[in-house]
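Below are the chains, spelled out letter by letter.
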Amino acid sequence: MKLQFATQNEGKLAEAKRVLSRFGIEVIGLPVDLWEPSSGEIETVTLEKLRQIRRMGYDRVMVDDAGIFFAAYDHFPGVLTKRVFDRIGYRGVRKLLEGEDRTAWFEGCIAVSWDGETGVFAARTSGRILDPIPDDIRPEPGLPFNPIFIPDGETRVLGAMTPEEQMKYSYRCRALEQMAEWLLNQA
Ligand SMILES: O=c1[nH]c(=O)c2ncn([C@@H]3O[C@H](COP(=O)(O)OP(=O)(O)OP(=O)(O)O)[C@@H](O)[C@H]3O)c2[nH]1
């Protein structure tokens, strides 16, 4: 089974390929630029991306929207995660969280269009931001928070784990597994 993934994020694509290959699903990257609302919930943004990719004529395609949320800042950066991190980087995150509650969580949502049917799968991973944030971080492409995010129940950051270990904590992995089960029932 082949499934397209409309994303420009290399890290998301690599994770999807890794998880879905276990279900016999081959993922093909579709690097289109989709407009994203700058407010609202992650699920709303995901469904907007799905609406756009369908309007472009695609089917058998998935989209993903995700973000990190800092407890100290309520719903921030959330849907603005990429835009905020591109501007402030680790230096800005360090300042933002100085002396603040380090509790944080990822929220992610995947939506898929398969022969016109829609599937929506959401998941979340709770944890905290490393304290202090070191100066010499080498982020994975597209996933800059993995090197500074410690999932609940762990002492290591996600970035220090093997891909197999990361899967245990990855909200995206859980959402992808749910989607795979759904897809295998559709086919
Ligand atoms: O360390 C991380 N581990 C993750 O598991 C993760 N998931 C999301 N993010 C961050 O949140 C933004 C979401 O942005 P986003 O959903 O709008 O995607 P994107 O613009 O990067 O790609 P696209 O799929 O829209 O093309 C991304 O850029 C990343 O900064 C993550 N960081």
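For the structure, check the block above.
Note that this is a predicted model, so its numbers are computed, not measured. (Residues numbered from 1 in each chain as written. Predicted model: local features only at pLDDT ≥ 70, side-chain atom pairs only at ≥ 80, totals over all residues. Heavy atoms only, no water.)

Asker: For this particular structure, what's the right way to read the site of the ligand?
Answerer: Within the structure, the ligand sits among 19 residues, and Thr7, Gln8, Phe145, Asn146 and Tyr171 are positioned closest to it. Here an oxygen atom of the ligand and a side-chain polar atom of lysine 12 are 2.8 Å apart. For the ligand, an oxygen atom lies 3.2 Å from a polar atom in the side chain of aspartate 65. Against a free-state accessible area of 620 Å², the protein chains account for coverage of 92% of the ligand. Elements that contribute at least two residues to the shell around the ligand include exactly β3 (61-70), α3 (81-97) and α5 (171-186). For the shell around the ligand, the class distribution of residues is 6 nonpolar, 6 polar and 7 charged. (Near = heavy atom within 4 Å. Polar contact = N/O pair within 3.5 Å; in protein donor to acceptor, adjacent residues only side chain to side chain. Areas by Shrake-Rupley, 256 points an atom, 1.4 Å probe, with all protein chains shown as cover. Helix = DSSP H or I, 4+ residues; strand = E, 2+ residues; numbered from the N terminus. Nonpolar A, V, L, I, M, F, W, Y, C, P; charged D, E, K, R; others polar.)

Asker: Can you help me understand α3 in this one?
Answerer: Residues spaced three or four apart along an α-helix point in a common direction, a consequence of the helix completing one turn every 3.6 residues. For α3, spanning 17 residues, the distance from its first C-alpha to its last is only 15 Å, which falls clearly below the expected 24 Å at 1.5 Å a residue. The principal kink in α3, of about 95°, is found at glycine 89. Along α3, the positions that sit buried rather than exposed are Thr81, Val84, Phe85, Gly89, Tyr90, Gly92, Val93, Leu96 and Leu97. Close packing links the buried residues of α3 with β3 and β5 (117-129). Just downstream of α3 lies glycine 99, where phi reads positive at about 70°. (Expected span 1.5 Å × (residues − 1). Bend = angle between axes of the 7 residues up to and from the residue. Buried < 20%, exposed > 50% of the residue type's maximum accessible area, 1.4 Å probe, protein only. Contact = heavy atoms within 4.5 Å.)

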